[in-house]
Amino acid sequence: QVQLVESGGGLVQAGGSLRLSCAASGSIFSINALGWYRQAPGKQREWVATITNNGGTNYKDSVKGRFTISRDNAKSTVYLQMNSLKPEDTAVYFCNADKECRQYWGQGTQVTVSS
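No experiment lies behind these values; they were computed from the predicted model shown.

Scoring rules and cut-offs
- Residues numbered from 1 in each chain as written.
- Predicted model: local features only at pLDDT ≥ 70, side-chain atom pairs only at ≥ 80, totals over all residues.
- Heavy atoms only, no water.
- Core = buried A, V, L, I, M, F, W, Y, C linked by side-chain atoms within 4.5 Å.
- Buried < 20%, exposed > 50% of the residue type's maximum accessible area, 1.4 Å probe, protein only.
- Helix = DSSP H or I, 4+ residues; strand = E, 2+ residues; numbered from the N terminus.
- Contact = heavy atoms within 4.5 Å.
- Phe/Tyr/Trp six-rings, centres within 6.5 Å; stacked < 30°, edge-to-face > 60°.
- Lys NZ or Arg CZ within 6 Å of the ring centre and 35° of its normal.
- Pairing = 2+ DSSP bridges.
- Axes fitted to C-alpha atoms, helices over the stretch in contact; angles between N-to-C directions.

Q: An account of the nonpolar core is needed here, citing residue identities and associated values.
A: In terms of nonpolar packing, the biggest core is built from 28 residues, with W36, L80, M82 and Y93 touching the most fellow members. If you list the elements that add at least two residues to this core, you get β1 (2–7), β3 (18–26), β4 (31–39), β5 (46–52), β7 (67–72), β8 (77–82), β9 (91–99) and β11 (109–114). The residues contacting M82, other than those within four sequence positions of it, are G16, S17, L18, L20, R66, F67, Y93 and V111.

Q: Residues and numbers for unusual backbone geometry, please.
A: At S76, a residue that is not glycine, the phi angle is positive and equals roughly 50 degrees. Locating S76 in the fold gives a position in the loop between β7 and β8. Not every positive phi belongs to a glycine, and E100 is a case in point at roughly 50 degrees.

Q: Got a sec to walk through the packing of aromatic side chains? Specific residues and values, please.
A: Within the structure shown, the criterion is met by one aromatic pair. Judged by centre distance (4.9 Å) and plane angle (70 degrees), the ring pair of Y37 and W105 falls under edge-to-face. A residue pair is termed long-range when its members are at least 10 positions apart, and Y37 in strand β4 and W105 in strand β10 (residues 102–105) qualify at 68 residues. Cation over ring: R45 sits above W105, and NZ or CZ is 4.6 Å from the ring centre.

Q: So what about the sheet that holds β3? Which residues, and what values?
A: Taken together, the four strands give an open sheet; going across it, the order is β1-β3-β8-β7, and neighbouring strands pair in antiparallel fashion. With partners counted over all chains shown, the strands left at the sheet margins are β1 and β7, one partner each. Each strand of the sheet is rotated relative to its neighbour by a mean of 15 degrees, with strand direction disregarded. Pairing of β7 with β8 involves six bridges; the strand directions are antiparallel. Bridging from a neighbouring strand, S70 pairs with Y79 of β8.

Q: Lay out the side chain of S21 in plain terms, naming residues and giving numbers.
A: On the secondary structure map, S21 appears in strand β3. Its relative accessible area of 16% is what places S21 among the buried residues. When sequence neighbours within four positions are dropped, the list of residues in contact with S21 reads V5, E6, S7, W36, T77, V78 and Y79.

In structure tokens form, the structure reads like this:
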């Protein structure tokens, strides 16, 4: 089992920045990738960014150049630095771990961007 706990969400004005954190615990050995997803009201959950266990990163097109995913293996933590935030980035952001073909999820953290 893998437990994921997100933090760092909040209310920010358009153009502002937030950094989300996700601390992983439990059986974190052999986690293949860590990622961030988001779900806006009335919409399906969508993928935002992924970082693999060798440091490779991928981003949703709409966040490229604004968001940066990183990880601190010593702290078993993954981060999402979000800059130049837009109202359309408003959503609940979820941390995800891909381990041995199973998906684990955090409880989510709310990000609200005001215009």
